[in-house]
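# Topology and contacts: notes
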Amino acid sequence: MTSNGLDSKTPSGPMAEKWTRHKFDMKLVNPANKRKYTVIVVGTGLAGASASATLSELGYKVKTFCIQDSPRRAHSIAAQGGINAAKNYQNDGDSVYRLFYDTIKGGDFRSREANVHRLAEVSVNIIDQCVAQGVPFAREYGGLLDNRSFGGAQVSRTFYARGQTGQQLLLGAYSALMKEVTAGGVTLFPRREMLDLVVVDGRARGIVVRNLLTGKLESHAGDAVLLCTGGYGNVFYLSTNAKACNVTAAWRTHKKGAYFANACYTQIHPTCIPVHGDYQSKLTLMSESLRNDGRIWVPKNPEDKRPPHEIPEADRDYYLERKYPSFGNLAPRDISSRSAKEQCDAGRGVGPTRQAVYLDFRDAIERLGKDVIEARYGNLFQMYERIVDDDPYKVPMMIFPASHYAMGGLWVDYNLMSNLPGLHVLGEANFSDHGANRLGASALMQGLADGYFVIPYTLSHYLGSTKLEPVDTNHAEFKKAEEEARARIDKLLSIKGKRTVDEFHRQLGLLCWDKCGMARDEKGLKEALQEIPAIREEFWQNVTVTGAGEDFNQSLEKAGRVADFLEFAELLVTDALHREESCGGHFRVEHQTEDGEAKRDDEHFAYVGAWEFKGVDAAPELHKEPLVFEEVHLATRSYK
Amino acid sequence: MSAKFGTLLGTSVVKKQIVALTGLIGVGFIIGHVAGNSLILFGPEAINGYSDMLHAVPELLWIARLILVASLVLHVYFTILVTLENRAARVDRYALQANHGETNWAKKTMIYTGLLVFFFILFHLTDFTFPDKTGPDTVLTGSEGEASYGLYGLVWNSFLSVPRSLFYILAVCCVGLHLSHGIQSLFQTIGFFHDRYTEKIRLASNVLGALVALGFSLVPIFVILRHYTFGPDV
Amino acid sequence: MSTKINLTLKVWRQKNAQTPGHFETYQARDIDTDASFLEMLDVVNASLEREGKEPIAFDHDCREGICGSCGAVVNGQAHGPERETTLCQLHMRKFRNGDTVTIEPWRAKGFPLIKDLVVDRSAFDRIIAAGGFITVRTGQAPEAHATPVPKDKADWAMDAAQCIGCGACVAACPNASAMLFVSAKVTHLNVLPQGQPEKTRRVLNMVAQMDKEGFGNCSNHYECEAACPKGISVKNIAKMNRDHLVASIAG
Ligand SMILES: Cc1cc2nc3c(=O)[nH]c(=O)nc-3n(C[C@H](O)[C@H](O)[C@H](O)COP(=O)(O)OP(=O)(O)OC[C@H]3O[C@@H](n4cnc5c(N)ncnc54)[C@H](O)[C@@H]3O)c2cc1C
Ligand code: HEM
Ligand code: HEM
Ligand code: SF4
Ligand code: F3S
Ligand code: FES
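This report concerns the structure included in the present document. (Residues numbered from 1 in each chain as written. Chains lettered and ligands numbered in written order. Predicted model: local features only at pLDDT ≥ 70, side-chain atom pairs only at ≥ 80, totals over all residues. Heavy atoms only, no water.)

### Observations regarding the site of ligand 4
Residues and elements named next belong to chain C. Applied cut-off: Summary of the distance rule: residues count as near a molecule or strand when at least one heavy atom falls within 4 Å of that molecule or strand. Helix numbers and strand numbers start at the N terminus; a helix is a DSSP run of H or I with at least 4 residues, a strand a run of E with at least 2. Gly counts as polar in this scheme, as do all residues outside two lists: the nonpolar Ala, Val, Leu, Ile, Met, Phe, Trp, Tyr, Cys and Pro, and the charged Asp, Glu, Lys and Arg.
Close to ligand 4 lie 13 residues, the nearest being Cys163, Cys166, Gly167, Cys169 and Cys228. Sorting the residues of the shell around ligand 4 by element identifies helix H4 (168-172) and helix H5 (179-191) as the ones contributing at least two each. Here the residues of the shell around ligand 4 are counted per class, giving 11 nonpolar, 2 polar and no charged.

What follows is the structure in structure tokens.
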């Protein structure tokens, strides 16, 4: 399947056999030779940690980098809800095929079938692997694993570890990683930030990083580079992502030639704690599971100033239950987020900023008793109370959507390799498996699938079938990349302007949120395309970055990341503007049905939009990878 | 084996477990001792008989003494070592001391109460263990025929000195304080923790500490009260 | 309801490990009581940056109490006055208008200072590398349901596994001991059936590494448990002591 040179390298054959056959067809690297290869892994989230550990076990020399002081702190640690797997332990009719189908449908038919099928296949191995590592998943009294159900699925296939699933999975992968550090296969480089990719003879051969402790630039050469650097949700400034989440690594490789796909597919999570004030630095997610028992409503009358418990039933609008009688409060994320925004836009929002809706447990408490609710959500209620200082047993919670996940990312083929040979992209950083909308509990699954079960095969295929000349860090390309990175740092430090980095980030974030958030229209997007370069220009004139370059300098770190967001945001908007349809997390106001539902345009937009960088002030070039559906029929998503 | 034993001796956990086990031996002795001492309250025959019984089989007595001395030496050596290591582990002090209210005075003064007890023991041995149990110090003044009251007399006479009695009371309070943390602590150190019993052990430890302090104090208090209210006679 | 408060901050500033540090006094003005402690520091930092001064360095990432990056000793207490709360989850409504707040880094030989409130906790990683894992290579795992795990064991493992590696236990311990952290990991793995084969080796190696890193011994002060944002119980220390005792006799 080639179009403009974009070959997905999807193997032929029936869907269910593609991966098995492909594994057999791929080249292997002889065990004695593996030692001779150095693999650079950037990122220690689920994807990076699992890949590093596995590749080291296989015998490769692995160098692993992350921004945090310890690999254990990667953003994956924050995932709460759970991880899907088609184990069918509940005997409720789950299967690899059903997980595959749900994920394709959940993604609004904008993902590559073969990848998703492979994901569903290996999901079962992930659970086995994690249990063997000691991940303490929730269990029943019989000692066997428990499951819960999650949005967008009718079966119980989600494995969980209290409200800390991501933490436990990451600690599992981290312990595997540390085991390999001891075994000698992995060398760790924490507190390092990748600033550039080094391409030699058209292949990814190394990276330039800044040592965040000393501020010194360091070059590392290798035979392949694995980017596992997570998502770009922080382009909105306020998001549920950790503060260090960034687009820098992805953006720099994009500037070095890697295509960036589907940037406009961003996920906005409906149940987050609303913004309090302008000092707000990030948003906290409240687990989606709250929607199982909480009812979402707003006052019917925007002028209604009464406290929530004084508003009688007749004056409340349970808008999700009204609009989507069969899914009600459990409608998928994109739909519930957008509905909340609609209500607030119509002036019916609640709370001091009027940018919130109620999530009310009154009826559930009446029906089930406070004890049951406490047993189910006690820790979440506590967390809410700690942050908001309201008692959700008495007063309804207030929630509002927030940026959460990036479905878009660097383009990769079936082997998880980008169009730049040698550069592989794993986890949230790639665009691959979730189409236009990700279902809950599937990002963790993808991160681990990529790292434990896909890359070990596909990387040896690349190394086994490629002749690589030795390259070291004295190569001119390394020197050049270092020079550029240094020049940029010097530039940032020399501006000595008036506004802080955070102010610029906040300004950019607000703009993206308004014009390219839950709903987008042509006018807004075009305005954004005017405003972003203006902010960028001011940034490079008027930002203040204190301290020195060769020192521990957190202002400088932030400045570098925001500078990249300022370039990336334009691509985000460009992609959103070009996609003249509504699908999943991308809702174009112009393209909706009469009752306000997303209207897909399969005839014109059933493709992956992968952009090629052409210069900071030049328009990027679009490459299309058509999406061919062999297995499932394109249908309109309906949750009515 | 010996190399491994050497390495093990160097580990923090093992060092503390030696402290705990030697401490446990001490606790056993002290409880026996405080019980034995209470016989003083019942007159010369009781306590002297008890003492004679203990001295009946000298071999056994010496084995017991050896164990006690070894325990004390090990206990003191390792607690001092551990305390020095602990000080070194916190290079810089906090301007405001970190504290969430779990630690307490007893815990923080273990080394001081311990050291005081150590010097007390040296002093104490010269008081009762080394002296002649039939000599002039065992004669109660004013008693008929200047007869020796044995160990009983020795104890009686020595506690007639108020400063010495006060010193004893201070020392045994230190022992009590030391044990109020020491006993519960040793269970934790050797790895005994039980959701239900641990709370009880903590309570028992405090109670025992107090009882030990009280039990020992009773002797000098008894002697002084008796002496100064009823006169020197028995 | 949120209000605005003013505080006087006494913050430890230290350029690096070689340069001696000192307290610097700052005024934090108009702090919203709904803000988190780190957001309060953001506000102070922004004003420092506008004056061209270097902001106060502090580690942070998730800002929701799970990554374990943040932490400082606030008025003598690791992570501040609230129980089971990380610094990023501590809110300014716990302070009163006019308070003076003293902010210091974790102080321990095992955590050398990097800058201001930032310390080097890589010792924790080395302790994990010494044995905080189960040796199973990718692809070797048996079917997950092949080994049932009794619920009480699974729950205990989970309780212990919640440790976020923040280091507050070390900071709060009068002996700067890392026993709570180490025991949490030893226990998590040693109670599970999957962790049995390496039980002895794990506890011996992890304790040996902990000692090498220069942490103190445990005198059972239990300050660590009180400071721990995840409520890790000292029961785990007892369990580790027991496993170590058995390992040193049998192993
Ligand atoms: C609050 C929250 C809850 C979630 N809950 C769930 C859930 O219940 N189920 C689910 O399936 N998914 C969930 N997700 C999504 C999921 O957590 C993430 O998509 C996933 O963890 C991403 O993993 P990753 O390995 O791709 O990247 P990350 O975990 O983000 O790791 C990125 C790594 O890259 C490093 N890095 C980044 N940039 C650089 C650079 N320039 N140089 C060097 N290193 C760099 C970082 O240091 C880090 O180690 C949740 C997400 C959030 C925000
Ligand atoms: C008869 C006398 C003594 C008894 C019965 C005794 C008993 C104990 C016990 C049971 C413990 C608890 C061990 C643990 O935490 O597991 C302990 C701790 C301690 N003892 Fe003693 N002890 C005695 C004498 C001394 C002396 C003489 C010293 C002086 C150096 C001393 C110093 C300490 C210290 C410092 C600790 C705390 C060690 C730590 O936890 O870090 N003790 N003692
Ligand atoms: C008021 C308190 C005490 C009194 C009246 C007292 C009394 C005595 C007496 C009479 C003896 C001699 C026994 C004999 O030789 O037969 C003795 C021995 C001894 N006491 Fe005490 N004692 C007191 C407190 C303590 C305390 C607090 C300790 C320890 C911490 C202690 C430790 C010892 C030891 C080690 C011996 C020597 C035992 C031996 O012969 O091996 N005593 N004590
Ligand atoms: S045990 Fe508690 S205080 Fe110590 S590192 Fe873990 S979470 Fe932090
Ligand atoms: S406070 Fe320290 S002394 Fe032990 S119980 Fe905790 S490590
Ligand atoms: S910043 Fe992650 S725990 Fe505080």
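### Points about the site of ligand 2
We count it as follows: Throughout this description, a polar contact denotes any pair of N or O atoms lying within 3.5 Å of each other; where both atoms belong to protein, one of them has to be capable of donating a hydrogen while the other can accept it, and for residues adjacent in sequence the pair is counted only when both atoms sit in side chains.
What surrounds ligand 2 is a group of 24 residues, the closest being Lys16, His75, His178, Ser185 and Thr189 of chain B. One chain alone does not account for the residues near ligand 2; they come from chains B and C. Side-chain polar atom of Thr189 of chain B to an oxygen atom of ligand 2: 2.6 Å apart, as the coordinates give it. For ligand 2, an oxygen atom lies 2.8 Å from a polar atom in the side chain of Ser219 of chain C. Counting residues per element, the ones that place at least two in the shell around ligand 2 are helix H2 (12-37), helix H4 (58-89), helix H6 (110-129) and helix H8 (162-190) of chain B. For the shell around ligand 2, the element with the most residues is H2 of chain B, which contributes 7 residues. Of the residues contributing to the shell around ligand 2, the split by class is 12 nonpolar, 11 polar and 1 charged.

### Details of the sheet that holds strand E9 (residues 224-227) of chain A
Residue and element names in this part refer to chain A. Quick reminder of the rule: Pairing between strands is defined by DSSP: at least two bridges between them are needed. Note on method: axes are straight lines fitted to C-alpha atoms, helices fitted across the in-contact stretch only, with angles between N-to-C directions ranging 0 to 180 degrees. For this analysis, residues touch if any pair of their heavy atoms sits within 4.5 Å.
If you trace the 5 strands from one edge of the open sheet to the other, you get E5-E2-E1-E9-E17, paired in parallel fashion. If you trace the sheet from one side to the other, it starts and ends with strand E5 (186-189) and strand E17 (423-425), each paired once. Sheet twist, expressed as the average angle between the axes of neighbouring strands with direction ignored, equals 20°. Across the face of the sheet, helix H6 (residues 165-183) comes into contact with strand E2 (61-65) and E5 while running at roughly 115° to E5. Against the sheet, helix H12 (residues 443-464) engages strand E1 (38-42), E9 and E17, with an angle of about 150° to E9.

### With respect to the coordination of the iron atom of ligand 3
The expected angle between donors at a tetrahedral four-coordinate metal is 109.5 degrees. At an octahedral six-coordinate metal it is 90 or 180 degrees. Residue and element names in this part refer to chain B. Counted only if it meets this: Only N, O and S atoms count as donors, using a 2.8 Å limit from the metal and a wider 3.2 Å limit for Na, K and Ca, and since water is excluded some coordination spheres may look unfilled. Square planar and octahedral sites, with four and six donors, are those where opposite donors lie more than 155 degrees apart and all other angles lie between 65 and 115, tetrahedral sites have four donors with every angle between 85 and 135 degrees, and the rest are irregular.
At 1.9 to 2.1 Å from the iron atom of ligand 3 lie its protein donor atoms, namely His33 (NE2) and His124 (NE2). The coordination sphere of the iron atom of ligand 3 comprises 6 donor atoms, whose angles at the metal cover 85 to 179°; the geometry is octahedral. One end of the pair, His33, is in helix H2; the other, His124, is in helix H6, and 91 residues separate them in sequence.

### Thoughts on the interface of chain A and chain C
Size of an interface: often given as the accessible area lost when the parts come together. Rules: A simple way to read buried area is as the amount of 1.4 Å-probe accessible surface that goes missing from two parts once joined, with both sides added. A side-chain nitrogen of Lys or Arg and a carboxyl oxygen of Asp or Glu constitute a salt bridge if their distance falls within 4 Å.
Residue-level contacts link 71 residues of chain A with 78 residues of chain C. A per-residue breakdown of the area chain A buries against chain C is headed by Arg73, Tyr279 and Arg386 of chain A, which together make up 12% of the total. Taken together, the links from chain A to chain C amount to 9 salt bridges. At the junction of chain A and chain C, the tally comes to 41 residue pairs in polar contact (both at pLDDT 80 or more). At the level of secondary structure, the elements contributing two or more residues to the side of chain A that touches chain C comprise helix H3 (46-58), helix H5 (113-133), H6, helix H11 (370-388), H12 and helix H16 (554-578) of chain A. Per-element accounting of the side of chain A that touches chain C gives the leading share, 8 residues, to H6 of chain A. Considered class by class, the residues forming the side of chain A that touches chain C number 27 nonpolar, 25 polar and 19 charged.

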